[in-house]
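Residues per chain, in single letters:
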Amino acid sequence: MIKKLFIVPLLAILFSFCSPKKVTFETDELIGVWSGLLFQTESKYDSLILSPANDPTEARLYSKGKETVHHIIKKGTDLNFKDSSGLRFDAFLSHNEKTLHGVLTHDLWAQSLNFQKKGMQWVAKIHKPEIIDTDYLVYLEFYKDSAGTVQANIQSNKENRELHFTIDKVLIEGNHINFNITNDRFGISAEYNTEKRNISLKYGNAGGKREIQLEKLNDDQLEGYLPRSPHENYVYEIPKAPDSAMQTASLEDVGINKSLLDLMDPKNNKNLEHIHSILITKNGKLVFEEYFHGYSREYLHDIRSAFKSMASLAVGRAMMKSDGLKVENSILDYYPEYDINDGRKKKITVHHALTMSTGIQLEDEDKMQWEHDDWVGYKLNLPMEHETGTVYEYSSGGSNLLTEVIQESVGTYLPLFFYEELLLPMEIHNFQMLTSPQGRGYLAGSFYMRPIDFTKFGLLVLNKGTWNGEPLISESWIKKSTTPHIKGSWPKNSDYGYLWRLLEREVGGKQMKTVEAWGNGGQFLIIIPEIEMTITMTGGNYNLFPEMEDRPFSIVNKYILPAVQLK
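This one's a predicted model, so the numbers in the text were calculated from it and none came from an experiment.

Reading the values: the criteria
- Residues numbered from 1 in each chain as written.
- Predicted model: local features only at pLDDT ≥ 70, side-chain atom pairs only at ≥ 80, totals over all residues.
- Heavy atoms only, no water.
- Helix = DSSP H or I, 4+ residues; strand = E, 2+ residues; numbered from the N terminus.
- Buried < 20%, exposed > 50% of the residue type's maximum accessible area, 1.4 Å probe, protein only.
- Contact = heavy atoms within 4.5 Å.
- Areas by Shrake-Rupley, 256 points an atom, 1.4 Å probe, with all protein chains shown as cover.
- Lys, Arg positive; Asp, Glu negative; His and termini not counted.
- Charge placed at Lys NZ, Arg CZ, Asp CG, Glu CD.
- Pairing = 2+ DSSP bridges.
- Axes fitted to C-alpha atoms, helices over the stretch in contact; angles between N-to-C directions.
- Expected span 1.5 Å × (residues − 1).
- Salt bridge = Lys/Arg side-chain N within 4 Å of Asp/Glu carboxyl O.

1. What about the overall build of the protein?
What the protein contains, in helices and strands, is eleven helices and 32 strands. Each principal axis of the C-alpha atoms in the protein carries an extent, and together these give about 105 × 60 × 55 Å. Counting every position in the protein, which comprises 567 residues, the buried fraction comes to 55%. For the protein, the proportion of contacts with a sequence separation of at least 24, taken over those separated by at least 6, is 58%. For the protein, the exposed area adds up to about 26300 Å²; of that, 49% sits on carbon and sulfur atoms. Within the protein, one finds 62 positive and 75 negative side-chain charges whose respective centroids are separated by 1 Å.

This is the structure in structure tokens:
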């Protein structure tokens, strides 16, 4: 009898441990959107100071207050220093010594520097690199479904997280919240603090585990999570001119009906998800410029593979600087350091790199970048798969073969060449360019710039290579690079020029030819020469098909192009 009296309480204790814990708070407290900073980047360096100002010979580089001194090598107006770690600095001083522009390369990134003259020194602040992890906010929304069950959605301001996983089920035990998700390479769980009314989120992926605090957002704080605040009444305003060269006008001034503004109706928020910007020019004037998910004009956005089309323009600029650069030139002439004996590869020309028809086996871009230091060598040493010039096969490694073609032809470090010869003449001062571990600028993507500056390249093409009265690219190159040279694979059997997609779109019931640059995630520059129009879009639907194309193109075809009034 005594044994039984002990057994009953013992069983009760055991069952209390084995049974699921009851929820210790009202689940309605969770309902809403919670947010916190999941990832962040830091600048390795703080600032760079050159002296003396009139003839710099010394560079002082600061990292968290610690100074390192580098001797500057000067060649004419060009300045340079580098070390064995891959750090290098390249700049040019104007002949009148009034301006200094430079590029700092470290940890695979070349970053523009804007110098100010202060007394007898040139001073530049070094900003943190802009990559996907920079200012990466995570949003966790709890809601109840029609059955009254708590469900959750996870998103980010930087990308559509459906690429990684979605949440299937929410499990609440006591203050602990667990999630069943669609990808076992990730793991998330949370703890709700009933006193502080915040959530501690534990997040794990291949990069490790981290714990962050989430705070609940008010209705007027949802702009990063949603494209736009659902409570904001949109009022159209003529954009402000970004510089002295770009003019602005109203939609009506250039013959665009205000029906276009229907896309800004809060009811269309779903259609704008993970679209970060939309810019429109017509008749050479900026008439529409809007940003979503908390983005703004000054933000440097990755234009991904749309940069390939900019690389085509850079080849054109290099041809203006070097008479010896021809599309018929053999690619291998620019890479004598590689011992390549395949006769078929010796037939690969600049033309073939510009038309995605080198014939070399398609590379695995991730493997190329993560497992190899020499991205050019990796591509060149893959076996031949097609006869050169016969088959279009979209290849980042193939277009990147142009890196040394440009650099060798002009005798200037590629990122600095871009800055000096293309960007600065168009009043573009801020950019970031990926470089390989060998220090070569990457021409196939991962180039960061303001969407408004991305737009300028569309105007440059419409102006036949002229910017603000000055010829940057020859008119003949603009024509040649936007002329069909081969049939592309997407859209199927479409025309392809020199790293430009040549398509057709319907405007006012009429089919019009377009020149387009496309980048993963929703980076698009659409040029319509017949009506002097450009449409620029950036987004974060990375690697998501068909969303990354369907969402932007539905806006173009439903709202933008139908609003164009043809004469």
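Back to the write-up after that little detour.
2. Describing the sheet that holds strand E10 (residues 116–118)
Strand order in the open sheet made by the five strands is E4-E3-E2-E11-E10, with antiparallel pairing throughout. A single partner strand is all that each edge strand has here, and the edge strands are strand E4 (66–71) and E10. Geometrically, the sheet is characterised by an average inter-axis angle of 25° between neighbouring strands, direction not taken into account. Here strand E3 (residues 58–63) runs beside E4; their pairing, made up of six bridges, is antiparallel. Across the sheet, residue Arg-60 finds its bridge partner in E4, namely Val-69.

3. Describing helix H11 (residues 547–560)
Taking 1.5 Å as the rise per residue, H11 with 14 residues should run 20 Å; its terminal C-alpha atoms sit 18 Å apart, in good agreement. Where H11 is concerned, the buried positions are Met-548, Glu-549, Arg-551, Pro-552, Phe-553, Ile-555, Val-556, Tyr-559 and Ile-560. Residues of H11 that are buried make contact with strand E20 (275–282), strand E29 (501–507), strand E30 (510–519), strand E31 (523–528) and strand E32 (533–539).

4. Observations concerning unusual backbone geometry
With omega at -10°, the peptide bond leading from Ser-51 into Pro-52 counts as cis. Geometrically, the link from Phe-545 to Pro-546 is a cis peptide bond, its omega value of 10° lying close to zero. At Arg-304, a residue that is not glycine, the phi angle is positive and equals roughly 50°. When you line up the elements, Arg-304 lands in the loop between strand E22 (301–302) and helix H2 (307–321). When its relative accessible area of 22% is taken as the criterion, Arg-304 is described as partly exposed. The backbone phi angle of Asn-468 is positive, close to 55°, even though this residue is not glycine.

5. Thoughts on the pattern of salt bridges
What the rule picks out here adds up to 28 salt bridges. Between Lys-321 and Glu-421 there is a salt bridge, with its nearest N and O atoms 3.5 Å apart. With Lys-321 in helix H2 and Glu-421 in helix H8 (residues 414–423), the pair connects residues that are 100 residues apart, well separated along the chain. Among the residues examined, Lys-321 registers a relative accessible area of 48% and is labelled partly exposed. Residue Glu-421 is classed as buried on the basis of its relative accessible area of 11%. Notably, a salt bridge pairs Glu-337 with Arg-440, separated by 2.7 Å at the nearest N-O pair. Of this pair, Glu-337 sits in the loop between H2 and helix H3 (350–354) while Arg-440 is found in the loop between strand E23 (432–434) and strand E24 (447–449), placing the two residues 103 residues apart along the sequence.

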